[in-house]
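# Structural features, examined
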Amino acid sequence: MISQRLAIIGAGNMGASLVAGILNKGLFPASHIILTNRSKGKMEPLQEKWGVGFTYDNAQAVRFASTIILAVKPQDVPEALRQIRGALGRRHLIISVVAGVNIAAIKSWLGHPAQPVVRVMPNTPAQVGEAMSGWTASPEVSRGQKRMVRRILGALGKEISFNDEGLLDLVTAVSGSGPAYVFYLAEQLIKSAREIGLPEDHCQELVLQTIWGAAKMLRENGGSAEKLRAAVTSKGGTTEAALREFAAGDLPGLIAKGVAAACQRSKELGAQWAPD
Ligand SMILES: NC(=O)c1ccc[n+]([C@@H]2O[C@H](COP(=O)([O-])OP(=O)(O)OC[C@H]3O[C@@H](n4cnc5c(N)ncnc54)[C@H](OP(=O)(O)O)[C@@H]3O)[C@@H](O)[C@H]2O)c1
């Protein structure tokens, strides 16, 4: 168990996922966690369920804790940081899970150029304890703090650290937006299942269990999608017939274009929140 104290600013989806992940894994005692939120009504159920503390005063939360997780929407970051900057010291580690806001912007809004800051790009499966998080740390973050970040992000799912913050735009395009690509595939498969005449009530289950089972096979067979695909594609068979159509419509090219567009958009959005 980690003996330090943790403040989570923003008790929305991500804040609630963090509380659930951290306490389910027993990483911090509930008495060492404090939540804050702007509006009333979101923290009370979390306090009741998990026994964590809460306050509407961000500066008070910062004085209580040594690690601060920032889990507000990008447009709310300047205000949240303005509220805590006076209470912050060099001992405080800021972990931002905010998409698209870079470390330089956070430091600039804080007015503390030497503040240890970690920037994380998680994804929505954090809500079910299966996040993929890419993260990067400013030079001020100590090895001990990095170990703690790994444990916190590990409570949400899996994590990979990157030395180059620029790579987080690429991470955003792959795993950040990735769940939506899989949802889109599921949506189209369910639609096609209906169109070829399967009973409505079975389409969803057929597709969901297929995606679930295929993902499990990928995990358990060493992760080579190409090998697994080849193994289920017999010459002259049904799978081959479908894959031939996908290739003829240049599905691989479309996926590559989509990922490149997401990466470009991530860079543009990041520039929008860059410090003046
Ligand atoms: N949801 C995900 O799975 C996911 C995945 C990847 C990245 N993220 C990132 O995580 C961040 C949070 O996303 P979310 O989905 O959790 O959003 P959300 O559900 O809207 O939660 C954000 C919370 O922050 C609160 N807030 C705003 N300003 C505040 C302030 N100054 N002090 C304290 N609380 C404040 C909001 O309060 P109100 O009740 O007043 O709105 C809201 O409850 C975003 O930046 C997003 O990019 C989320």
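Just so you know, these numbers come straight off a predicted model, no measurement behind them.

For the structure on display, the rule yields 1 aromatic pair. Taking the centre distance of 6.1 Å and the plane angle of 85° together, the rings of Phe54 and Tyr56 count as edge-to-face. The exposure class of Tyr56 is partly exposed, given its relative accessible area of 32%. Stacked on the ring of Phe64, the Lys or Arg Arg5 has its end atom at 4.4 Å from the ring centre. When the ring centre of Tyr56 is taken as reference, the NZ or CZ atom of Lys40 above it lies at 4.8 Å.

Membership of the largest hydrophobic core comes to 34 residues, with the highest contact counts inside it found for Ile22, Phe28 and Ile152. For this core, the secondary-structure elements that each account for two or more residues are β1 (6-9), α1 (13-24), β2 (33-36), α2 (43-50), β5 (93-96), β6 (117-121), β7 (131-137) and α6 (143-154). Per element, the largest residue contribution to this core is 5 residues, and it comes from α1. Counting residues in hydrophobic clusters, the runner-up holds 25 residues, among them Ala65, Leu70, Ala87 and Val101.

Attention now goes to the site of the ligand. Around the ligand sit 25 residues in total, of which Met14, Asn37, Ser39, Lys42 and Val72 are the nearest. Val72 is positioned such that a nitrogen or oxygen atom in its backbone is 2.6 Å from an oxygen atom of the ligand. Between the ligand and the protein, one listed contact pairs an oxygen atom with a side-chain N or O atom of Gln127 at 3.3 Å. Here the ligand loses 87% of its free accessible area of 890 Å² to cover by the protein chains.

Relative to the helices and strands, Ala114 resides in the loop between α5 (103-110) and β6. Exposure remark for Ala114: the relative accessible area of 25% places this residue in the partly exposed category. Filtering out sequence-adjacent residues up to four positions away, Ala114 remains in contact with Arg90 and Glu140.

Among the structural elements, Ser66 can be located in the loop between α3 (58-64) and β4 (67-70). By relative accessible area, which is 15% here, Ser66 ends up buried.

On to a nonpolar patch on the surface. Taken together, the side chains of Phe246, Leu251, Leu254 and Ile255 define a hydrophobic patch exposed on the protein surface, amounting to about 380 Å² of accessible area. Within the element layout of this structure, Phe246 appears in helix α11 (residues 238-248). Residue Phe246 is classed as partly exposed on the basis of its relative accessible area of 45%.

Partitioning the protein into domains gives domain 1 (6-164) and domain 2 (178-270). Of the residues lining the interface, 6 residues belong to domain 1; the matching set on domain 2 comes to 4 residues. Summed over both sides, the interface between domain 1 and domain 2 buries roughly 330 Å², with carbon and sulfur atoms accounting for 56% of that surface. A per-residue breakdown of the area domain 1 buries against domain 2 is headed by Gly100, Thr124 and Lys158, which together make up 66% of the total. Taken together, the connections running from domain 1 to domain 2 amount to 0 salt bridges.

Moving on, we come to the pairing of β6. Among the 5 residues that make up β6, 5 are buried, leaving the element largely enclosed by the rest of the structure. Both faces of β6 are covered, namely the face carrying Val117, Arg119 and Met121 and the face carrying Val118 and Val120. Note: β5 against β6, 3 bridges, orientation parallel. Bridging from a neighbouring strand, Ser96 pairs with Arg119 of β6. Where the polypeptide runs from β5 across α5 and back to β6, its parallel neighbour, the crossover connection is right-handed. Bridge count between β6 and β7: 4 bridges; the pairing is antiparallel.

What follows concerns the side chain of Thr172. In this fold, Thr172 is placed in helix α7 (residues 167-176). By relative accessible area, Thr172 is classed as buried at 15%. Among the polar contacts listed, one links the side chain of Thr172 to the backbone oxygen of Leu168, at a separation of 2.6 Å. Those residues in contact with Thr172, other than ones at most four positions away along the chain, are Met121, Ser177 and Ser266.

Calculation criteria
- Residues numbered from 1 in each chain as written.
- Predicted model: local features only at pLDDT ≥ 70, side-chain atom pairs only at ≥ 80, totals over all residues.
- Heavy atoms only, no water.
- Phe/Tyr/Trp six-rings, centres within 6.5 Å; stacked < 30°, edge-to-face > 60°.
- Buried < 20%, exposed > 50% of the residue type's maximum accessible area, 1.4 Å probe, protein only.
- Lys NZ or Arg CZ within 6 Å of the ring centre and 35° of its normal.
- Core = buried A, V, L, I, M, F, W, Y, C linked by side-chain atoms within 4.5 Å.
- Helix = DSSP H or I, 4+ residues; strand = E, 2+ residues; numbered from the N terminus.
- Near = heavy atom within 4 Å.
- Polar contact = N/O pair within 3.5 Å; in protein donor to acceptor, adjacent residues only side chain to side chain.
- Areas by Shrake-Rupley, 256 points an atom, 1.4 Å probe, with all protein chains shown as cover.
- Contact = heavy atoms within 4.5 Å.
- Patch = residues over 30% accessible without salt bridge, like charges linked within 9 Å, V, L, I, M, F, W, Y side chains within 5 Å.
- Salt bridge = Lys/Arg side-chain N within 4 Å of Asp/Glu carboxyl O.
- Domains from an automatic or database assignment.
- Buried area = accessible area lost by both parts, 1.4 Å probe.
- Pairing = 2+ DSSP bridges.
- Right-handed = clockwise from strand over helix to strand, strands pointing away.

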